[in-house]
Amino acid sequence: MLLLLVNILKLLAEIALLALAGQWVLGLLAGAKRDTNLFYQIFQIVTRPVVTGVRKITPRVVIDQHVPLVAFLMLFFVWLIATLTKIDICVRIGVQQCQ
């Protein structure tokens, strides 16, 4: 059961991380017209819960432009901890049972 929860947390972090990375790359490519780009808007919808949650827990001195970067870093650490926890669980119960 714990392995399932760790896998779900890891998967959610991966989805959000990839969406934030995709939004950043697409923002670089689209430039000033990124807000009218359909795929950029989809990335915004996917990442909005994470960015909004991070905005609520960060101090006001962090400007709004930096909140997605903070969200990316926080998600990266969540992903890293989930990955290390998954490795630990798999080593304890056996790699064959982790598949």
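Data block above holds the structure.
Before going into details, it helps to say that this report is about the structure given with it. Since this is a predicted model, take the numbers as computed values, not measurements.

Quick word on the pattern of salt bridges
Inference 1: One pass over the full model with this rule turns up 3 salt bridges.
Inference 2: Between Glu 14 and Lys 10 there is a salt bridge; the shortest N-O distance is 2.8 Å. You can see Glu 14 and its partner Lys 10 sitting in helix H1 (residues 2-30), 4 residues apart, about one turn around the helix.
Inference 3: Asp 64 is paired through a salt bridge with Arg 55; the nearest N and O atoms lie 2.6 Å apart.
Inference 4: Among the residues examined, Arg 55 registers a relative accessible area of 13% and is labelled buried.

With respect to the packing of aromatic side chains
Inference 1: Per the counting criterion, the structure on display carries 2 aromatic pairs.
Inference 2: Relative to Phe 77, the ring of Phe 76 has its centre 5.7 Å away and its plane inclined at 65°; by these criteria the two rings are edge-to-face.
Inference 3: The rings of Phe 76, Phe 77 and Trp 79 are connected pair by pair, giving a single aromatic cluster.

Some details on the state of the cysteines
Inference 1: If you walk through the whole model with that rule in mind, you get 1 disulfide.
Inference 2: Residue pairing for Cys 90: its cysteine sulfur links by disulfide to Cys 98, the two sulfurs lying 2.0 Å apart. Residues Cys 90 and Cys 98 share a disulfide whose torsion about the S-S bond is about -115°; that sign makes it left-handed. In terms of burial, Cys 90 and Cys 98 fall into one category: buried.

Some points on H1
Inference 1: Compared with the 42 Å implied by 1.5 Å per residue over 29 residues, the 42 Å span of H1 between its first and last C-alpha is a close match.
Inference 2: Taken together, the buried positions of H1 are occupied by Leu 3, Val 6, Lys 10, Ala 13, Ala 16, Leu 17, Ala 19, Leu 20, Gly 22, Gln 23, Leu 26 and Gly 27.
Inference 3: Once H1 finishes, Gly 31 follows within two positions and takes phi at roughly 70°, a positive value.

Side note on the packing of H1 against helix H3 (residues 67-93)
Think of two packed helices as two axes; the pair is described by the angle between the axes and how far apart they sit.
Inference 1: Running from N to C, H1 and H3 point in directions that differ by 150°, and their axes come no closer than 9 Å. Overall, the two elements H1 and H3 adopt an arrangement that is roughly antiparallel. Pair H1 / H3 crosses with left-handed handedness.
Inference 2: Per-class residue counts for the contact of H1 with H3 are 20 nonpolar, 3 polar and 3 charged.

Cut-offs used in this document
- Residues numbered from 1 in each chain as written.
- Predicted model: local features only at pLDDT ≥ 70, side-chain atom pairs only at ≥ 80, totals over all residues.
- Heavy atoms only, no water.
- Salt bridge = Lys/Arg side-chain N within 4 Å of Asp/Glu carboxyl O.
- Helix = DSSP H or I, 4+ residues; strand = E, 2+ residues; numbered from the N terminus.
- Buried < 20%, exposed > 50% of the residue type's maximum accessible area, 1.4 Å probe, protein only.
- Phe/Tyr/Trp six-rings, centres within 6.5 Å; stacked < 30°, edge-to-face > 60°.
- Disulfide = S-S within 2.5 Å.
- Expected span 1.5 Å × (residues − 1).
- Axes fitted to C-alpha atoms, helices over the stretch in contact; angles between N-to-C directions.
- Parallel < 35°, antiparallel > 145°, perpendicular 65-115°, else oblique.
- Left-handed = near helix turned anticlockwise from the far one by under 90°.
- Nonpolar A, V, L, I, M, F, W, Y, C, P; charged D, E, K, R; others polar.

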